[in-house]
Amino acid sequence: MDWLKPADPFYGELVPIGIMAGAAHPNAARLFIDYVLSKEGQELFCNMGKIPARGDVTPKINLDRDKIRMIPPEESARTNYYAKLFDDLFVKRTTVK
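Residues numbered from 1 in each chain as written. Predicted model: local features only at pLDDT ≥ 70, side-chain atom pairs only at ≥ 80, totals over all residues. Heavy atoms only, no water.

Caption draft 1: Summary view of the packing of aromatic side chains. Using the criterion set out here, one finds one aromatic pair in the structure. Ring centres 5.1 Å apart and planes at 45° place the aromatic pair Phe86 and Phe90 in the tilted group. Remark: Phe90 and Phe86 occur in helix 4 (residues 79-90); sequence separation between them is four residues, near one turn of the helix. Given the relative accessible area of 47%, Phe86 is considered partly exposed. (Phe/Tyr/Trp six-rings, centres within 6.5 Å; stacked < 30°, edge-to-face > 60°. Helix = DSSP H or I, 4+ residues; strand = E, 2+ residues; numbered from the N terminus. Buried < 20%, exposed > 50% of the residue type's maximum accessible area, 1.4 Å probe, protein only.)

Have a look at this one:
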């Protein structure tokens, strides 16, 4: 078995970050967001196998950012359906009695 590079374009989902209204520690949340969006934070995400949002952080895979297309929200909503279907079909569940 070997790795296969998917055909262009690549598709991805947006992963938004924000602060909830009424957050218990909004200033800590602001600092966290600053870190996540910093070069250092994006390098951490990159090391976790994610595609960084910053243009000055190079992804671990050879990727032309101009070929990335976002999954439309109506399609993204189906992701949970397919994830559950996969789990139901292929993930072995053990029942504790």
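Caption draft 2: Layout of the pattern of salt bridges. Throughout the structure, instances matching the rule amount to two salt bridges. Note that Lys84 and Asp88 form a salt bridge whose closest N and O atoms lie 2.7 Å from each other. Highlighted residues: Lys84 and Asp88, both in helix 4, separated by four residues, approximately one helical turn. Residue Asp88 is classed as partly exposed on the basis of its relative accessible area of 47%. (Salt bridge = Lys/Arg side-chain N within 4 Å of Asp/Glu carboxyl O.)

Caption draft 3: Looking closely at the packing of helix 1 (residues 26-37) against helix 2 (residues 39-47). In the contact formed by helix 1 and helix 2, the axes pass within 4 Å of each other and the chain directions differ by 65°. With respect to helix 2, the element helix 1 is oriented roughly perpendicular. For the pair formed by helix 1 and helix 2, the contact residues are Tyr35, Val36 and Leu37 on the first element and Lys39, Glu40, Gly41, Gln42, Leu44 and Phe45 on the second. Residues of the contact of helix 1 with helix 2, tallied by class, amount to five nonpolar, two polar and two charged. (Axes fitted to C-alpha atoms, helices over the stretch in contact; angles between N-to-C directions. Parallel < 35°, antiparallel > 145°, perpendicular 65-115°, else oblique. Contact = heavy atoms within 4.5 Å. Nonpolar A, V, L, I, M, F, W, Y, C, P; charged D, E, K, R; others polar.)

What is shown is where atoms sit, not what they do.
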